[in-house]
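# Chains, contacts and geometry: an overview
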Amino acid sequence: MLIAQFNEAKPLNASLIEVKVHSSLRDFLRSQGQPNWPHQLTMARLVARALRLGRSALIQTGLEPLQETSLQSSYRLSYLAPALVWSGPVIVVAPLWIQEWLLQKEIPLLQQWFGSDKVIHTSDRFPDQPFQGLLITSPESWLTDRLKHKGWFPNHIPTVIDGVDDLESWTSNQLKGCIQPQDWDALMQAHPQQADLIRDVRVKLTKALFQRPANPYECYLIEADQQDGLEQLFDRLSSLSTEAQSLYRLKPWEKFCHFWQQSGQLMWATVARSQGQFSLYSAPVEVATALNPIWSRQPVVLIGGALDLEKTASVYRQQIGLGELTCLKFSPHRQIQLYLPDRLPMPNTERFQNALTQEIRTLLNLSTDITRPVVILVGDVPLKAQLGAVLAAECGSRVQVETTSLSHRSILICGWEFWHRYQAQIPSPQLLMIATLPIPSLENPLVAGRVAYYKQQRQDWFRLYLLPTALRELQRAVAPVRATQGCVAILDNRVNRRSYGRHVLSALSPFARINYLDASWFNSDSPEGQDTWL
C-alpha cells in the first residue's frame, strides 16, 4: 500500500531522466525473475525528479526486513538507478555496511545492465579533479564537513542520505565532547603548574558521583555545583598565555570545552564503579539547531524506514531542523500476526513480572515446533536478568542472553539496544515477544535531562520525544518478523489501556490482530489472513 504526499503547487511533466530511469529499472527488475519490493519504480521516479529539479525530498520506505534474500527486495535500487543515469555528480551518504552492499551487489549489476561507465568513488572527501561520478561516503565524514565547514565536499552537489532513522544520533555523536580518565593525567602533565587545581576538581567530581545511588544505566547528570568546579578550571586554563595554550592544547579537552560552553547542552558522566573511574560527556539536547543551516547548501534526498506516523513527517522534520519538502511514505507490504492479551497487569504494578513470566511460558510451550529463534525483548535491565535466570532454569541452554551465536532452537533474551544493533545478523524470528513498549524511561538520567529541556521550552515532551522514539524503535524491531510473516506478542497492556495505544497500532500496521492463543500461529505453512484485519 502506498501513501504519498507531494508538496509542489502543481505537477510537472516527467522529463527524459524520469522516463529513462523508469523504463530501464523496470526492464532490469523483470529480467531478474524474482519478487521485488513493490515500490521500486515510484521511488525511483521521485529520486530522478529530485535530481532534475534540484529539490529535496524525504522518503519513508516502510522498514522492509534488513536481511535481503534477493537483490530486488532492496529499495536501494530506487536511488542507485537515477544516480547512475544522472549526468552530473551525486553523493551517497551511507553507513559502512550499506556501502559494502552497494559496492559488492547492487552497483555492479545495475552498471552492467544500464551500460553505465559512471565512475564510482569511495572517500571522505570530494575528488580534486572535475568529477561527474558517484561518490560514496560515510555519515561521519559528511556531517563533520557540513557541521564544521571543513570544505571536504562542495555545495550544490545532489546528495542522497540512506538510513536517516539514525541521523539524530549520528549528529549528536559529532557534537559530543568526551573526557576519559586518562585525559585528566594528560592535562596535569600539560599544565604542571595547575596540577593541584586539576586534581582537586577531579577528586570532588569522583566523590560526588560515587556517592550517588547506583542505577541500571550507570550514568548521572552533572549537577550545577559540579559544573561550577569545571567552569573554574576552564577559566583558569583559558587565562594562560596564548603560547602556553597552544603548546599544551589537548584535543579531548578543547573539544569538550567548546561544546560545553554552547547553550542547550546536556552534561553527564558514566561510572565504572569497580575501577573507581568516570568519563565525562557533553552533547546538545537537540540537533535541529545545528542541522537546520546545512539543508539549504545542497539538494538532499533523505531515506529512512519509519520516521514518522504522518505522511509529512512533521515531528521528525522538527527534530532535525528540516523545512517543507516533497514527502513520500510507503507502508510495509508484509503483515505480521499481532497478539495483544488484554488482561495483563500494567508494567508498573507488583503483579506484572509474574504475569509476564507465565505468559512467556505459555507462548514458548505453543511454539516448540518452530525452526527459527524466539526473541524476547526486555528493556528493563533487572527484569531482563531475572527473566533470563528463570527461563534458563526451565529451558536450559536454549536460553541465551544478548549473544548472536544462536541455533534455530535458541531463545534470545535481549534489550532494545542489542536488538537494534544486531538484528540483521540473526535469523528472522518466527516469534518476537515484547515485554514492555520501548518508551524511554524517565529513570534514565539522560532521558530525564532531555525531558526537563522540553519542559523548559514549554513543549510537549511526550508527543515530541518519548512517543516518536518508542514508535520508531518498535517498527524497526518488528521488521525482521515481517520476513517470516510471524507473530509479534506485545505483553504491555498500555497498548490497550492508554490513549496512545492507537498510535502504536498504527505504527505496526499491517497486521492481523489476535487476542487468543493458538499453536497454528507458529506453523509456517498456515494460511494467511484468517484473522481480523486492521
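Bear in mind that the values here come from a model prediction, so they are computed numbers and not experimental data.

The subject of this paragraph is the sheet that holds strand 8 (residues 219–221). With respect to topology, four strands assemble into an open sheet ordered 7-10-9-8, the strand pairing being antiparallel. Looking at which strands have only one partner, the edges of the open sheet turn out to be strand 7 (177–179) and strand 8. Adjacent strand axes in the sheet meet at a mean angle of 20° when their direction is disregarded. Note that strand 7 and strand 10 (residues 277–284) share three bridges and pair antiparallel. Residue Gly177 lies in a different strand from strand 10, and its bridge partner there is Ser282.

Below, the discussion takes up the pairing of strand 13 (residues 336–339). Side chains of strand 13 alternate between two faces, with Ile336 and Leu338 and Gln337 and Tyr339 buried alike. In terms of strand pairing, strand 13 meets strand 19 (residues 511–514) through four bridges, oriented parallel. When the bridges of strand 19 are listed, Leu338 appears paired with Arg513.

Each pocket or cavity is described by its volume, and for the second largest pocket that value is around 610 Å³. As for the second largest pocket, its lining consists of 23 residues, and the residues nearest its centre are Leu147, Leu175, His258, Phe259 and Gln262. Broken down by secondary-structure element, the contributors of at least two residues to the lining of the second largest pocket are helix 5 (139–148), helix 11 (251–260) and helix 12 (288–291). Here the element with the most residues in the lining of the second largest pocket is helix 11; it accounts for five residues. When residues of the lining of the second largest pocket are sorted by domain, at least three fall in each of domain 1 (15–158 + 298–329) and domain 2 (176–284).

On to the nonpolar core. Formed by 38 residues in total, the largest nonpolar core has its most connected members in Leu377, Ile434, Val488 and Ile490. Considering each element in turn, this core owes the most residues, 10 residues, to helix 18 (residues 461–484).

Glancing now at the side chain of Ser24. Mapped onto the elements of the fold, Ser24 is located in helix 1 (residues 16–32). The residues contacting Ser24, other than those within four sequence positions of it, are Trp113 and Phe114.

So, on to the UniProt feature "domain: ATP-dependent helicase C-terminal" (unreviewed entry) in the protein chain. In the UniProt entry, the feature "domain: ATP-dependent helicase C-terminal" (unreviewed entry) is given for residues 430–510. In the segment residues 430–510, helix accounts for 59% and strand for 10%; the C-alpha atoms at its two ends are 17 Å apart.

All right, on to the packing of helix 8 (residues 195–210) against helix 9 (residues 224–238) then. A pair of packed helices can be characterised by two numbers: the angle between their axes and the separation between those axes. Running from N to C, helix 8 and helix 9 cross one another at 165°; their axes reach a closest spacing of 10 Å. Judged on the interaxial angle alone, helix 9 and helix 8 are roughly antiparallel. Relative to helix 9, the crossing made by helix 8 is left-handed. The segment helix 8 lies against helix 9, with Leu197, Ile198, Val201, Leu205 and Ala208 engaging Gln226, Gly229, Leu230, Leu233 and Arg236. Across the contact of helix 8 with helix 9, the residue classes tally to seven nonpolar, two polar and one charged.

A separate point is a negative patch on the surface. Together, Asp225, Asp228, Glu231 and Asp235 line one region of the surface with negative charge. With respect to the helices and strands, Asp235 occurs in helix 9. Overall, Asp235 belongs to the partly exposed group, its relative accessible area being 44%.

Attention now moves to the environment of Leu471. Topologically, Leu471 is positioned in helix 18. With a relative accessible area of 7%, Leu471 lands in the buried category. Taking C-alpha positions, Leu471 is 28 Å from Leu41, a pair spaced 430 residues apart along the chain. If sequence neighbours within four positions are ignored, Leu471 has contacts with Leu309, His503, Val504 and Ala507.

This part covers the pattern of salt bridges. Evaluation of the coordinates by the stated rule reveals 19 salt bridges. A salt bridge links Glu223 to Arg212; its shortest N-O distance comes to 3.6 Å. Of the two residues, Glu223 is situated in the loop between strand 8 and helix 9 and Arg212 in the loop between helix 8 and strand 8; the sequence distance between them amounts to 11 residues. On the accessibility criterion, Glu223 (43% relative accessible area) is partly exposed. A residue is classified by how much of its surface remains accessible, and Arg212, at 16% relative accessible area, is buried. For Glu218, the salt bridge is made with Arg273, and the minimal N-O distance between the two is 3.8 Å.

Here the focus is helix 18. Taking 1.5 Å of rise per residue, the 24 residues of helix 18 would be expected to cover 34 Å, and the 36 Å separating its terminal C-alpha atoms lies within 8% of that figure. Within helix 18, the axis deviates most sharply at Val478, by approximately 30°, and proline Pro480 lies no more than four positions further along. Within helix 18, 18 of the 24 residues are buried, which leaves the element mostly enclosed by the surrounding structure. After helix 18 finishes, the residue Gln485 shows a positive phi value of roughly 50°.

What follows covers the domain arrangement of the protein chain. Annotation of the protein chain at the domain level lists domain 1 (15–158 + 298–329), domain 2 (176–284) and domain 3 (336–521). Each of domain 2 and domain 3 has a C-alpha centre, and these two points are 37 Å apart. Counting residues at the interface gives nine residues for domain 2, matched by nine residues for domain 3. Overall, the association of domain 2 and domain 3 removes approximately 720 Å² of surface from exposure, summing both partners, and the carbon and sulfur fraction of that is 80%. At the boundary of domain 2 with domain 3, the tally comes to zero salt bridges. Where domain 2 packs against domain 3, one counts zero residue pairs in polar contact (both at pLDDT 80 or more).

Criteria and thresholds
Residues numbered from 1 in each chain as written. Predicted model: local features only at pLDDT ≥ 70, side-chain atom pairs only at ≥ 80, totals over all residues. Heavy atoms only, no water. Pairing = 2+ DSSP bridges. Helix = DSSP H or I, 4+ residues; strand = E, 2+ residues; numbered from the N terminus. Axes fitted to C-alpha atoms, helices over the stretch in contact; angles between N-to-C directions. Buried < 20%, exposed > 50% of the residue type's maximum accessible area, 1.4 Å probe, protein only. 1 Å grid on protein atoms, 1.4 Å probe; cavity = no way out; pocket = protein on both sides within 12 Å on 5 of 7 lines; lining within 4 Å. Points joined across faces, edges and corners; volume = space filled by probe spheres on them. Domains from an automatic or database assignment. Core = buried A, V, L, I, M, F, W, Y, C linked by side-chain atoms within 4.5 Å. Contact = heavy atoms within 4.5 Å. UniProt positions renumbered as here; feature names shortened; annotations may be inferred. Parallel < 35°, antiparallel > 145°, perpendicular 65-115°, else oblique. Left-handed = near helix turned anticlockwise from the far one by under 90°. Nonpolar A, V, L, I, M, F, W, Y, C, P; charged D, E, K, R; others polar. Patch = residues over 30% accessible without salt bridge, like charges linked within 9 Å, V, L, I, M, F, W, Y side chains within 5 Å. Areas by Shrake-Rupley, 256 points an atom, 1.4 Å probe, with all protein chains shown as cover. Salt bridge = Lys/Arg side-chain N within 4 Å of Asp/Glu carboxyl O. Lys, Arg positive; Asp, Glu negative; His and termini not counted. Charge placed at Lys NZ, Arg CZ, Asp CG, Glu CD. Expected span 1.5 Å × (residues − 1). Bend = angle between axes of the 7 residues up to and from the residue. Buried area = accessible area lost by both parts, 1.4 Å probe. Polar contact = N/O pair within 3.5 Å; in protein donor to acceptor, adjacent residues only side chain to side chain.

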